Amino acid sequence: MNRIFRITSQFTIIFLSLGLCFGVQAAYPEKPIKVIIGFPAGGPLDAHMRLLVEKLQATLGQTIIIDYKAGAGGTVGAQYVAQSPADGYTLLLANTGTMVINPAVYTKTSYDTLKEFQAIARTAQQPLALIVNKDVPAQTLKEFVAYARANPGKLNYGSAGNGGISHLVPEMLKNETGIFMVHIPFKGSAPAFTDLIAGHVQFMAESVPQAANYAKSGKVRALAVTSAKRNPALPNTPTVIETGVANLEVVGFYGILAPKGTPPDVVSKLNQAFKETLESPEIQKKMLEQGADPAYLNADQFTKFLTGEMPRWAKAVKQAGAKLD
């Protein structure tokens with residue numbers, strides 16, 4: 001009888017333990033979820049997340065907190081998330097530069113995209129706009145290239161930080177056209193735009209949603225977009241290829257990632273929440289108006305996408321000669 005009681009008690013303890021485990025997983029999320037952005041507030045990633053946050057909160061039933069950990073082209077925020085607990089409560093909203101360009105640009109990186117992160121969902125794709133300070137005497141990209149050639153070394157271009165897509169695209173343009181501009185890296189797009197508007201830098205390559213806002217208000221001038229087709233947010237702005245200046249076509253992406261080892265059921269729940277959010281007609285309308293394509297991919301698809309993007313950008317980095325310590 002004692003032996004039967006001991007066996008029964010052991011099974012009861014195991015059953016209760018499993019029940020508690022399943023209960024914790026099923027209850028996710030039990031507390032607010034923090035989304036880390038590796039750039040300052042006011043930039044394009046910030047604007048993108050703020051567009052999604054209300055719908056996400058309603059879907060997940062929890063508060064979404066946006067936290068900014070800027071520095072080194074997004075690597076500070078990425079490293080923070082990579083070292084965070086893999087419990088689904090600390091996520092990273094990253095862009096092309098952070099996830100697939102930095103590993104090729106920096107000789108030493110503090111994280112491995114494919115080994116240290118669990119892909120959750122790709123949320124958007126978008127081209128960049130090539131923009132200038134409104135006092136630059138160039139109305140077209142062709143005129144700007146001619147102006148730059150006539151003033152070698154006198155023009156500065158700003159970027160959101162070393163190694164990002166806003167750094168690499170001007171370098172690609174420089175290589176294709178033979179012009180020379182001085183790179184001025186900032187800790188994010190927002191301070192870079194401040195100096196562009198003030199005339200401290202004369203040129204930038206920045207995501208269309210961010211650039212379109214400033215262009216429409218007359219604070220900067222958009223010369224071209226880097227997509228294959230014109231963008232609805234800047235319908236009168238030609239593509240780079242249309243201008244005949246360079247064979248340049250670049251489309252960046254945004255996506256959500258978590259630390260490697262995040263439980264599969266948590267990954268699935270987060271992915272489903274982003275899917276529902278991105279499929280919302282209202283969200284899609286606003287994203288398209290801003291110039292972004294709501295290009296959702298699930299966790300497996302996003303992982304495959306990242307795997308394919310890394311060698312492609314490594315080749316682009318090598319061709320552009322952009323390398324940093």
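These numbers come from a predicted model, not from an experiment.

Q: Summarise the overall build of the protein chain; cite the residues concerned and give the values.
A: Regarding its fold elements, the protein chain presents 13 helices and 9 strands. When each of the 325 residues of the protein chain is scored for burial, the buried share is 53%. Once local pairs closer than 6 in sequence are excluded, the contacts in the protein chain between residues at least 24 apart make up 77%. With an accessible surface of roughly 14700 Å², the protein chain has 55% of that area assigned to carbon and sulfur atoms.

Q: Any details on the environment of alanine 314? Residues and values, ideally.
A: Mapped onto the elements of the fold, alanine 314 is located in helix 13 (residues 299-320). Using a relative accessible area of 32% as the deciding quantity, one classes alanine 314 as partly exposed.

Q: Describe the confidence of the model for the protein chain, naming the residues involved and giving the relevant values.
A: Confidence in the prediction of the protein chain, expressed as mean pLDDT, is 88, and 90% of residues score 70 or more. In this model residues 1-25 is a low-confidence stretch, pLDDT under 50, and it forms 1 contact with partners more than four residues away in sequence or in other chains.

Q: Outline the packing of aromatic side chains, supporting the account with residue identities and numerical values.
A: Following the criterion strictly, the structure yields 7 aromatic pairs and no others. Ring geometry for tyrosine 111 versus phenylalanine 117: centroids 5.8 Å apart, planes at 90 degrees, classification edge-to-face. You'll find tyrosine 111 and phenylalanine 117 in the same group, each marked buried. Aromatic pair phenylalanine 253 and phenylalanine 305: ring centres 5.1 Å apart, planes at 90 degrees, arrangement edge-to-face. Residue phenylalanine 253 is located in strand 9 (residues 251-259), and its partner phenylalanine 305 is located in helix 13; the two are separated by 52 residues in the primary sequence.

Q: Please set out the pattern of salt bridges residue by residue, giving values where relevant.
A: Oppositely charged side chains can form a pair if their charged atoms are brought close together. A complete count under the given rule lists 9 salt bridges for this structure. Measuring nitrogen to oxygen at the nearest pair gives 3.9 Å for the salt bridge that ties aspartate 135 to lysine 134. Note that glutamate 279 and lysine 275 form a salt bridge whose closest N and O atoms lie 2.8 Å from each other. Note on glutamate 279: relative accessible area 43%, which makes it partly exposed. When its relative accessible area of 25% is taken as the criterion, lysine 275 is described as partly exposed.

Q: An account of helix 6 (residues 141-150) is needed here, citing residue identities and associated values.
A: An α-helix turns once per 3.6 residues; consequently, residues spaced three or four apart project the same way. Of the residues making up helix 6, those classed as buried are Leu141, Phe144, Val145 and Ala148. Around the axis of helix 6, the buried residues are gathered within 100 degrees of arc, so they sit on the same side. The outward face of helix 6, more than 90 degrees from its buried face, is lined by the exposed residues Lys142 and Ala150.

Q: Summarise the pairing of strand 6 (residues 182-185); cite the residues concerned and give the values.
A: Strand direction decides the pairing type here: strand 5 (residues 156-159) and strand 6, joined by 4 bridges, are parallel. The residue bridging glycine 158 from the neighbouring strand is isoleucine 184, located in strand 6. For the crossover that starts at strand 5, traverses helix 7 (residues 165-177) and ends in the parallel strand 6, the hand is right-handed.

Q: Quick rundown of the side chain of threonine 239? Include the residues and the values.
A: Among the structural elements, threonine 239 can be located in the loop between strand 8 (220-225) and helix 10 (240-243). Of the polar contacts made by the side chain of threonine 239, one reaches the backbone nitrogen of glutamate 242; its length is 3.0 Å. For threonine 239, the residues in contact, after removing those within four places along its chain, are Ala224, Val225, Ser227, Ala228, Lys229 and Arg230.

Q: How would you explain the nonpolar core if you had to name every residue and give the values?
A: Counting residues in each nonpolar core, the largest one holds 52 residues, and the members touching the most others are Met99, Phe117, Leu130, Leu141 and Phe144. Those residues in contact with leucine 130, other than ones at most four positions away along the chain, are Leu141, Val169, Leu173, Phe203, Met204, Ala205, Arg221, Ala222, Leu223, Ala224, Thr226 and Val240. With 34 residues, the next largest nonpolar core counts Met49, Leu51, Leu52 and Met287 among its residues.

Procedures and definitions
- Residues numbered from 1 in each chain as written.
- Predicted model: local features only at pLDDT ≥ 70, side-chain atom pairs only at ≥ 80, totals over all residues.
- Heavy atoms only, no water.
- Helix = DSSP H or I, 4+ residues; strand = E, 2+ residues; numbered from the N terminus.
- Buried < 20%, exposed > 50% of the residue type's maximum accessible area, 1.4 Å probe, protein only.
- Contact = heavy atoms within 4.5 Å.
- Areas by Shrake-Rupley, 256 points an atom, 1.4 Å probe, with all protein chains shown as cover.
- pLDDT = per-residue confidence, 0-100.
- Phe/Tyr/Trp six-rings, centres within 6.5 Å; stacked < 30°, edge-to-face > 60°.
- Salt bridge = Lys/Arg side-chain N within 4 Å of Asp/Glu carboxyl O.
- Arc of directions from axis to C-beta.
- Pairing = 2+ DSSP bridges.
- Right-handed = clockwise from strand over helix to strand, strands pointing away.
- Polar contact = N/O pair within 3.5 Å; in protein donor to acceptor, adjacent residues only side chain to side chain.
- Core = buried A, V, L, I, M, F, W, Y, C linked by side-chain atoms within 4.5 Å.

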